[in-house]
Amino acid sequence: RATAFARLGLPDRICEAKELRRAYRAAALLVHPDKCTHPEAKLAFHKISEAFDLLSAPDGQRCQLEKRSGGRGKGKGAKEGEVWPPPQFQRGGRYDR
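Conventions and cut-offs
- Residues numbered from 1 in each chain as written.
- Predicted model: local features only at pLDDT ≥ 70, side-chain atom pairs only at ≥ 80, totals over all residues.
- Heavy atoms only, no water.
- Salt bridge = Lys/Arg side-chain N within 4 Å of Asp/Glu carboxyl O.
- Buried < 20%, exposed > 50% of the residue type's maximum accessible area, 1.4 Å probe, protein only.
- Core = buried A, V, L, I, M, F, W, Y, C linked by side-chain atoms within 4.5 Å.
- Helix = DSSP H or I, 4+ residues; strand = E, 2+ residues; numbered from the N terminus.
- Contact = heavy atoms within 4.5 Å.
- Phe/Tyr/Trp six-rings, centres within 6.5 Å; stacked < 30°, edge-to-face > 60°.
- Expected span 1.5 Å × (residues − 1).
- Arc of directions from axis to C-beta.
- Polar contact = N/O pair within 3.5 Å; in protein donor to acceptor, adjacent residues only side chain to side chain.

J.: So what exactly am I meant to see when it comes to the pattern of salt bridges here?
T.: Close approach of charged atoms allows side chains of opposite charge to pair. Summed over the entire model, instances satisfying the criterion amount to four salt bridges. Across the pair Arg 13 and Glu 19 runs a salt bridge whose closest N-O atoms are separated by 3.1 Å. Linking Arg 62 and Asp 59 is a salt bridge whose minimum nitrogen-to-oxygen distance equals 3.3 Å. For Arg 62, a relative accessible area of 34% translates into the label partly exposed. Taken together, the shared-partner salt bridges in this structure form one network comprising Asp 59, Arg 62 and Glu 66.

Structure follows, in structure tokens:
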């Protein structure tokens, strides 16, 4: 399971709101259901939007980092080497117009 940071293509560190918005817009454009014909584009767009909502909350980035490092959070974070969005959604993939 990818972390919220990985879903937006960001490194696992606190980032500024401008950087977060830029990463969200870039990821959302790749998988937006109106632009991407992949059958799971809607689900991928929902996951990216959810990640943005989590990270843009006041303490969202800190909480996600704690989950990743095994702090107070219950999640284990992404598996090593996991890529988000999946390769078929990345620029130049089969579903990129």
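After that view of the structure, there is still more to cover.
J.: Explanation requested: the nonpolar core in the structure shown.
T.: Soluble globular proteins: nonpolar side chains tend toward being buried together. Counting residues in each nonpolar core, the largest one holds 18 residues, and the members touching the most others are Leu 8, Leu 10, Leu 20, Tyr 24, Val 31, Ile 48 and Leu 55. When residues in this core are grouped by element, the largest group, seven residues, is from helix 2 (residues 17–31). Look past the residues within four positions of Leu 10 in its chain and what remains in contact with it is Phe 5, Cys 15, Glu 19, Leu 20 and Ala 23.

J.: How should the packing of aromatic side chains be read in this particular structure?
T.: How two aromatic rings sit relative to each other is set out by the distance from centre to centre and by the angle between their planes. Tallied over the full model, the rule gives one aromatic pair. Between Tyr 24 and Phe 52, the ring centres sit 4.5 Å apart and the planes meet at 25°, which makes this aromatic pair stacked. Of this pair, Tyr 24 sits in helix 2 while Phe 52 sits in helix 3 (residues 41–56), placing them 28 residues apart in sequence. Phe 52 carries the same exposure label as Tyr 24, and that label is buried.

J.: Sorry if this is basic, but what is going on with helix 2 here?
T.: Because each turn of an α-helix spans 3.6 residues, side chains separated by three or four positions in sequence point in the same direction. Given a rise of 1.5 Å per residue, 15 residues ought to cover 21 Å, and the 21 Å separating the end C-alpha atoms of helix 2 matches this to within 8%. For helix 2, every residue scored as buried is listed here: Leu 20, Ala 23, Tyr 24, Ala 27, Ala 28, Leu 30 and Val 31. The buried residues of helix 2 all sit within an arc of 150° when viewed along its axis, so they share a single face. In this structure, helix 2 carries Lys 18, Arg 22 and Arg 25 as exposed residues pointing more than 90 degrees from its buried face. Residues of helix 2 that are buried in the fold lie against helix 1 (4–7), helix 3 and helix 4 (60–69).

J.: When you look at the environment of Arg 13 in this model, what are you seeing that I'm missing?
T.: Tracing the backbone shows Arg 13 in the loop between helix 1 and helix 2. For the pair Arg 13 and Arg 62, spaced 49 residues apart in sequence, the C-alpha to C-alpha distance is 8.5 Å. Contact partners of Arg 13, with chain neighbours within four places excluded, come to Phe 5, Glu 19, Gln 61 and Leu 65. Separated by 3.1 Å, the side chains of Arg 13 and Glu 19 make a polar contact.

The quantities given are spatial measurements derived from coordinates; they are silent on function.
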